[in-house]
Every structure is written in structure tokens, then in C-alpha cells.
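Each chain, written out:
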Amino acid sequence: MSSRTLPLLFINLGGEMLYILDQRLRAQNIPADKAKKVMNDIITTMFNKKFLEELFKPQELYSKKALRTVFDRLAHASIMRLNQASMDKLYDLMTMAFKYQVLLCPRAKDILLVSFNHMDAIKDFVKDTPSVLSQVDETYRQLIEMYTPLSSGEFQLIRQTLLIFFQDMHIRVSIFLKDKVQNSNGRFVLPISGPVPHGTHIPGLIRMFSCNGEEVKRLQFRNGGNYTGVLREGSFEMFGERVIKLGTNMYSVSRPVETHMSGTSKNSAQKKSVNTAPNPLAKEELNMLARLMGGMEVQKPGNADSGFRVNLFATDEEEEEALISRPDEFSYDVIKIQATKNQQANAELVKIMGDFTEEAGEPCSSSANSKGDDLLAMMDGL
Amino acid sequence: MYHKEKSIQMKSSASALYNNLSVLRIAPRSLTYFTVVHANMVNMVSASWDGLNYSHRQLQSKEANVATSSSLIMQAAWCVLPSRDILVLTSQKGIQMYESDGSIMVYWHALDTPETQTAQAVFARGIAAVREKYICVGISSGSMLVFDVPIKGSNITLSEVLEEHKESITDLASECSGSLECIADMVSADDSGNLCVWKSGEDFQLLNKIPGFDMSCSSVKLWKGTVVAGYGTGQIRLYEAVTGIVHAEVNAHARWIYSLDIAPFSGLLLSAAEDSLVRVWHLTMTPETNSVEVTSQTIPGRNLTTPRTHRQTLTASLPLSPSRSCTCITSV
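Residues numbered from 1 in each chain as written. Chains lettered and ligands numbered in written order. Predicted model: local features only at pLDDT ≥ 70, side-chain atom pairs only at ≥ 80, totals over all residues. Heavy atoms only, no water.

### Here's the deal with the overall build of chain B
Keep this limit in mind: Here a strand is any run of E in DSSP of at least two residues, a helix any run of H or I of at least four, and the numbering for each starts at the N terminus. Three labels apply to residues, based on accessible area from a 1.4 Å probe with only protein chains included: buried if under 20% of the type maximum, exposed if over 50%, partly exposed otherwise in between. Throughout, a residue-residue contact means that at least one pair of heavy atoms, one from each residue, lies within 4.5 Å. Shrake-Rupley sampling with a 1.4 Å probe provides the accessible areas, and residues are treated as covered by the protein chains on show and by no other component.
Of the regular secondary structure elements, chain B holds 0 helices and 24 strands. Burial statistics for chain B: of 332 residues in total, 61% are counted as buried. Contacts in chain B between residues far apart in sequence, at least 24 positions, make up 47% of those at least 6 positions apart. A total accessible area of about 12600 Å² is found for chain B, and carbon and sulfur atoms account for 50% of it.

What follows is the structure, given as C-alpha cells:
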């Protein structure tokens, strides 16, 4: 649908990821210098110039698989390591949080304010590193340039595109359950109280007019809600009060990050039908992905001393348990891509290309060769 | 008034799209068909009036043979013409038309999609059957396609392209009162809230243009010469179609209106919005004074304020038949 959705999706999901990692780094008492390095490395990779150039080009959204791969890569852009279960949980939390923010935005345009909330926080994380700071500032400018001229209808199209992307995701998040913004069936609650969006009137008034424009009658009706006023408009500039609180950091050391797997067979049937239709643009998308990966510089894991593992769960046992017990329908298929000039790695990529189009474990060797050519050429150029 | 009937479960959830529920009553067979769009698919269910038989079918969007992305469906709606009913699907790739039970595709119109992706999205949205033989469909560029539909068969032809709107078409509606006296046959709405009023024919004639106020009009209806328009601000406005005179303004919802519908004989209007509420209004026309009165209605025995914890997004609302109506409330 909207071809301007990807930058917002990426920046907001990235922002949520940083909130969660920041919380876990503190909770696990990782030394401050290491924690800071991780945050800086990830943010540097996120705002890599070449990467963002690709991102901001008009395009349809990636498949869920491709997007998950990008974030896998991003999470490992530093000395920090995450096990499969932790990465899965991280991704669940990121996506449900952003889904919540998109759904509850008062106006479609407020998605931009949510994005600015994330950007403001990211800027704060790197305020001591001028090189990254300038990249972040440049991204603000690109966001402002691209999005502030859009009409309400165009923003609603972006919102609809995002909601369709998140459709049928109902993972329960304990913070949301506690705050009663999510039901036990995983659906989010839409409030009928509080202020109405900027530009909307509180429901309740019917005005009728004569032919010459004079108001001839007024009727009031009970709106059934408890609306308390109109929201002010937040700032769409580089600085300023955003007014909307969605997209600010909801985690703190005292609020744990937990998800519940609420898979039922009903849900799994739905997920399968949408995701597993053969994708004719698999090659196109993988090429795009390869270009993106090329723009993301990978940090060598470094020696054993500086690297460390972060756990999204309270204990290692819990993490192991989560991996084993994760329902099949919630497993993320990740494409493992190494952007190196290694001949072996390129062969691996061709094989993966086959995997991607076949949606099965078996590589499709005969037809993979021609499809792989473009991709190989691209990888060689990196 | 309305009373709640048996709920019908669709095969999958409804996508967040305007006007996402279409209903066709087939009296001779005591059946009602419902369609709801889910991403690149349309879920169709045929329900017998005795509530005992349900049969489901799914229609896929047709993807043109080019290496571009998947085609999401924007809208599915039945077009009721005197001789036949056609099911129309509009997507990012084009317009598909089926016989009413969805069994045979009778026509496919591909949209012009540029080689490389542009910032402006390309899709078709807004569907209306007009008079005896026209089906009109809106495009994201603001153009509208008018198709000429024969009494039977697949010889459907593109009769005209109307270029009046500059913003994406959101919804189209034809006069639904059944009255032949009405001058205006169709109204079109776009993303800037502009409304165009048309008379059908070999060449469609623009009767009036009602300017918007920079807010998208997502759903529109035409009843007894009155345009009923729902906006992203949650407001509903009623205009006299041919002159553009404002009859009424209702601060109806606290969020974006996603769907409107009218029961033509009783004048009951339904509005559904992202605030999770469905509201019922009663429209009374007084021809002598050329005025329309709007009052709010509550459905007896049904409290619109359901407990907070059960509130879910309304992405669909309901078209109405003369005597019966049904709601489909689904979540994203």
C-alpha cells in the first residue's frame, strides 16, 4: 500500500529495541562502559548513511521474515550476544509495543510524533558521541522533509499498511496486561475516555442549518464515553514537546519485560495462510536485503573477554525453557546472511535464496543459479 | 429499529480498511452473502436466513505477472444492477469482477503501475453501481473509471475516465433511495474531503463540487439527494447534493469514521469508527423546508457502552437491506 511506511516501521521498532536492551543491560548489571558501547554500536549501525538511503526510497514493506532478519543483524552489531529465545522475545516485545502505539495514536499523523519520541530518546542515548549524533540529526531532517507535507489521508494509508503488517499478532505482554491496555486474548483496548485528538470535537452535538446557512436547531446526545477535552498539537520539529506519550520509554528496572505465548490452533491457521503464499518477489527482496546488509558494517565479535551475552529472561534456565516450549506457529524463520566476500558464504546465499522461494528446508539447486547471479554480483561489489 | 441477530464468524480477521464489509441479500434463495477483506484475500460467507447453513469461500487478489510486490486488496463490494449482481474487488494491481457468488471472474482491469516504485501509492478504491449499467471504481490518482456492464456475459468495457479529483478516491456511492426523481446519481469522495456529485449517462456529467476542509472523507452515502459524508475527524456532515448546502453537522465520533450506511426506507443511518463505537442516527427529510433532521438513536436493550476491557477495533460496518441489518465487529 503506502510506499513510505518502511522508515517509520524501522525507526520505531529500532527505538523499542533500544529501550528493551537498555533495560536488560541495567538489570544484568553489565559494566557501564560495555553497555554504552553496545548502545552506541547499535545506533551507529541503525543510522548508517547508506542503509538509511536505501530505507527512505519509496518501496513496499518487507516480508516479516526479511524484517526480522534485519533486526537480528542489528541486535548483533556489537559485542553483545543474544540466544535464539532472547532474540525471539525481544522481537515479540518490539513488535507488540509498536503495534500498540500505532493502534492507539489519536490521529494517523501522530505516528510521526511517536517516531519523534523514539528519535528523541535515541538522541539522548548518544548525546556524548558527536559523530553518531550528527547522523541522528540528519535522520530527523529526512523524516521532517518526507513526512510533514503528507495529508491526513496519506498518513491513514501508512497506518493501515502498518496495521495490516501487524494483523493477527496477539502476543500478550505483561506490562500491557498489568496496565489493562491489553485483554487476556491479546487484543488491545481502545479507550472511550480521555482527551479527543487534536482537530476532533467531543462527540455529542448535532447542528442543523437552514438553506441560507443559519443554524436552526441544536441537539445534544450522550456519547457513552468520558471524553475530557481536546489534545494540544505536538511539535513536528527537531525539538519541542511532542504531547503524545506513545513511543516514550515504558520500561524501567522495576518493570520486567515478559511475554506470554498465547498460541491457539485457530491463530496458527490464520498466520500460515497469509505468510506462506509463494512470494514472486523473493529475488527482488533478497537483493534489497543484501544491499541493506552491505550497508551495515558488522563488528567482529572480538575476543572472549569483551563479548558478553544478554538474557531477556530472568534466568538462563527460563531462557532455555522458553526456547523449547515456544509454539511452532510463533517461530521466526530467519535468513542467515553474511555480507562477506567469502566464496563459501556466497554459495550459502544462493542456497538460502532457494530456501526463501521454496518455503521449505530443501534448496532448489537447478533454478537457483540464474536467480543467484544478480545477488552474487551485488555481494562481490561490497 | 435494530435488534442483534446471530453472530457470524469469518475465516480470518478484517483488515484495517474503509468500508470493509459488503452484504448482498438474495431473497429468492433466502441467503445473505457477506464479504470482508483480509490483506490479499477476501473472505466470503453465505448464510442461510434460518441461521443453520454457512458456507465459506476465499478469493485471492490477482497478481499481474511482473516482479513487483504482493497485491493487497483495498475493498470488496457487490454492485447490484437490474439484471445481475457483480462482486468487485479493488487492489494495488487492478480491478477484478466476479459473478455474485464469487465463482467466476468475468473481468480484469489492470492499473498502470510504474516501472519503479513511486512515492505516490497506486491502488483502486471506491466502488459503486450506478443506474442500470454502470460500475464506477476510484483510483489513487483521483481518477474514476466508469465501466459499462452488459446484461450478461463478460463483455464489460471501460466507458469513460473521470478526472475531477486530485487526491486519492476514498469512497463512491450511488443514490440508494430507489427514487427516480433524484437528479444526482453518484457522489465521489477523496482524501482531501472534496466531494463530487455526478449524473450518469454516456458521458457522466459533473453536477456539483463540494469543497472539503483538508480532512479525508472516508465514507460517503447518497440518499434522497442528500450526501452523507463521514470524516477522519469523526464528524458526519449532510449536504444537499446538487447545491452543496449544508443541512447538518454531527460531532459523531472521537476518532476516524471508517464506514457509513443507510437503510433507505427507514432513513436509519449507521456510522462506525475507530473509537470502537457503532452509532445509529435517524434522518428525516422535510421537502417543504428543504431540511434534514438528524437525531441520535439508541438500540433498545443494547448498551453501546460495553465494558472497557472488551472494546475492540471496529473495522467493518454494515450495509443495510430494507428490513434487516447486521453488524460485523472484528478486531485487527
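There's more to say after this.
### Re the state of the cysteines
Residues and elements named next belong to chain B. Defined as follows: Disulfides are defined as cysteine sulfur pairs within 2.5 Å.
Applying the stated criterion to the full structure yields 0 disulfides over all chains. Cysteine Cys 79 shares no disulfide, and the gap to the nearest cysteine sulfur, in Cys 136, comes to 8.7 Å. On the basis of relative accessible area, Cys 79 is assigned to the buried category, the value being 1%. Free of any disulfide, Cys 196 has its nearest neighbouring cysteine sulfur in Cys 217, separated by 11 Å.

### Some words on the sheet that holds strand 24 (residues 291-297) of chain B
All names here are of chain B. We count it as follows: Two strands are said to pair when DSSP picks up at least two bridges between them. To get an axis, fit a line to the C-alpha atoms, keeping to the stretch in contact for a helix; angles then go from 0 to 180 degrees between the N-to-C directions.
Reading across the sheet, the 4 strands line up as 21-22-23-24 and stay open at both edges, with antiparallel pairing between neighbours. Here the strands that pair on one side only, and so sit at the sheet edges, are strand 21 (257-263) and strand 24. Across the sheet, the mean angle separating the axes of adjacent strands is 25° when strand polarity is ignored. The sheet contact formed by strand 21 and strand 22 (residues 268-273) spans 6 bridges and is antiparallel. Within the sheet, the bridge partner assigned to Ala 263 lies in strand 22 and is Leu 268.

### A few points about the confidence of the model for chain B
Residues and elements named next belong to chain B. This is how the line gets drawn: Confidence scores here are pLDDT values: one per residue, from the predictor, ranging 0 to 100.
Mean pLDDT over chain B stands at 84; residues scoring 70 or higher make up 86%. Low pLDDT, under 50, characterises residues 64-68; the predicted model gives this stretch 3 contacts beyond four residues in sequence or across chains. The low-confidence segment residues 300-332 (pLDDT under 50) makes 92 contacts with residues lying over four places distant or belonging to another chain.

### Focus: the nonpolar core
Where we set the bar: Residue types Ala, Val, Leu, Ile, Met, Phe, Trp, Tyr and Cys, when buried and joined through side-chain atoms within 4.5 Å, form a set referred to as a nonpolar core.
Counting 114 residues, the largest nonpolar core has Leu 9, Leu 90 and Tyr 147 of chain A together with Leu 195 and Val 227 of chain B as its most contacted members. Element by element, the count of residues in this core is highest for helix 5 (residues 84-104) of chain A, at 13 residues. With residues near it in sequence (within four places) discarded, Leu 90 of chain A still touches Met 17, Ile 20, Leu 21, Ala 75, Leu 82 and Leu 312 of chain A. One finds Met 1 and Ile 164 of chain A together with Ile 26 and Met 74 of chain B within the second-largest nonpolar core, a separate group that totals 23 residues.

### With respect to a negative patch on the surface
Note the following rule: For patch detection, residues must exceed 30% relative accessible area and be free of salt bridges, and they are connected within 9 Å for like charges or within 5 Å for nonpolar side chains (Val, Leu, Ile, Met, Phe, Trp, Tyr). Put simply, a salt bridge is a Lys or Arg side-chain nitrogen that is within 4 Å of an Asp or Glu carboxyl oxygen. Charge assignment in this entry is limited to Lys and Arg as positive and Asp and Glu as negative, and neither His nor the chain termini are counted. Charge placement uses NZ in Lys and CZ in Arg. For Asp and Glu, CG and CD serve respectively.
Side chains of Glu 317, Glu 318, Glu 320 and Glu 321 of chain A sit close together on the surface and give a patch of like negative charge. Turning to its location among the elements, Glu 318 of chain A is positioned in helix 12 (residues 316-325).

### With respect to the packing of helix 1 (residues 6-27) of chain A against helix 2 (residues 32-46) of chain A
Residues and elements named next belong to chain A. Going by this rule: Should an angle fall under 35 degrees it is taken as roughly parallel, and over 145 as roughly antiparallel, whereas 65 to 115 is taken as roughly perpendicular and any remaining angle as oblique. Polar here means any residue outside two lists: the nonpolar Ala, Val, Leu, Ile, Met, Phe, Trp, Tyr, Cys and Pro, and the charged Asp, Glu, Lys and Arg; Gly therefore counts as polar.
Look at helix 1 against helix 2: their axes get within 11 Å of each other, and the N-to-C directions meet at 175°. The angle between helix 1 and helix 2 falls in the class roughly antiparallel. Of helix 2, the residues touching helix 1 (which contributes Phe 10, Ile 11, Gly 14, Gly 15, Met 17, Leu 18, Leu 21, Asp 22 and Leu 25) are Ala 35, Val 38, Met 39, Ile 42, Ile 43 and Met 46. By residue class, the composition of the contact of helix 1 with helix 2 is 12 nonpolar, 2 polar and 1 charged.

### Observations concerning the interface of chain A and chain B
Selection rule: When two parts are brought into contact, each loses some accessible area as probed by a 1.4 Å sphere; the total of that loss over both is the buried area. Two N or O atoms form a polar contact when they lie within 3.5 Å of each other; inside protein one atom must be a possible hydrogen donor and the other a possible acceptor, and for residues adjacent in sequence the pair counts only when both atoms belong to side chains.
With 58 residues of chain A at the contact, the number on the chain B side is 64 residues. For the chain A and chain B pair, buried surface summed over both sides reaches about 5200 Å², with 54% attributable to carbon and sulfur atoms. On the surface where chain A and chain B come into contact, there are 2 salt bridges. Joining chain A to chain B, the criterion identifies 19 residue pairs in polar contact (both at pLDDT 80 or more). Secondary-structure elements contributing two or more residues to the side of chain A that touches chain B are helix 5, helix 8 (152-165), strand 4 (205-209), strand 5 (215-220) and helix 10 (265-275) of chain A. It is helix 8 of chain A that provides the largest number of residues to the side of chain A that touches chain B, a total of 9 residues. A class-by-class count of the residues in the side of chain A that touches chain B yields 28 nonpolar, 19 polar and 11 charged.

### Here's the deal with the sheet that holds strand 19 (residues 235-240) of chain B
Read from one edge of the open sheet, 6 strands run 5(A)-4(A)-20(B)-19(B)-18(B)-17(B), paired in antiparallel fashion. Of all strands in the sheet, those with a lone pairing partner are strand 5 of chain A together with strand 17 (217-223) of chain B, marking the two edges. Taking each pair of neighbouring strands and ignoring which way they run, the sheet shows an average axis angle of 15°. In this sheet, strand 20 (residues 246-251) of chain B lies alongside strand 19 of chain B in antiparallel orientation, the contact comprising 5 bridges. Across the sheet, Ile 236 of chain B pairs through a bridge with Val 250 of chain B, a residue of strand 20 of chain B.

### Quick notes on unusual backbone geometry
If you check the backbone angles, Asp 168 of chain A has positive phi at about 70° while not being a glycine. Take Asp 168 of chain A: it is sitting in the loop between helix 8 and strand 2 (172-173). Residue Asp 168 of chain A is classed as buried on the basis of its relative accessible area of 8%. Positive phi, normally seen in glycine, also occurs at Arg 131 of chain B, with a value near 50°. Here Arg 131 of chain B falls in the partly exposed class, since its relative accessible area comes to 28%.

### Here's the deal with the pattern of salt bridges
Applying the stated rule across the entire model yields 26 salt bridges over all chains. For Arg 232 of chain A, the salt bridge is made with Glu 241 of chain A, and the minimal N-O distance between the two is 3.1 Å. Judged by its relative accessible area of 53%, Arg 232 of chain A falls in the exposed class. On the basis of relative accessibility, which here comes to 49%, the residue Glu 241 of chain A falls in the partly exposed class. One network of salt bridges, in which partners are shared, links Arg 207, Glu 215 and Arg 218 of chain A together with Arg 237 and Glu 249 of chain B.

### Points about empty space enclosed by the protein
Short version of the rule: A cavity here means a set of points on a 1 Å grid, drawn over the protein atoms and nothing else, where a 1.4 Å probe fits but cannot get out; a pocket is an open set with protein on both sides within 12 Å along at least five of seven lines, and a residue lines either one if it has an atom within 4 Å of a point. Grid points are joined across faces, edges and corners, and a volume is the space filled by probe spheres set on the points.
Evaluation of the coordinates by the stated rule reveals 3 cavities of 30 Å³ or more. Looking at the largest cavity, its volume works out to about 100 Å³. Lining the largest cavity are 11 residues, and of these Leu 103, Leu 104 and Leu 190 of chain A together with Arg 255 and Glu 274 of chain B sit closest to its centre. Residues belonging to the lining of the largest cavity are distributed by class as follows: 6 nonpolar, 1 polar and 4 charged.

### Side note on the environment of His 118 of chain A
Residue and element names in this part refer to chain A. Tracing the backbone through its elements, the reader meets His 118 in helix 6 (residues 110-125). Sequence separation between His 118 and Asn 12 is 106 residues, and the spatial gap between their C-alpha atoms is 6.3 Å. If sequence neighbours within four positions are ignored, His 118 has contacts with Ile 11, Asn 12, Gly 15, Glu 16, Tyr 19, Gln 101 and Gly 247.

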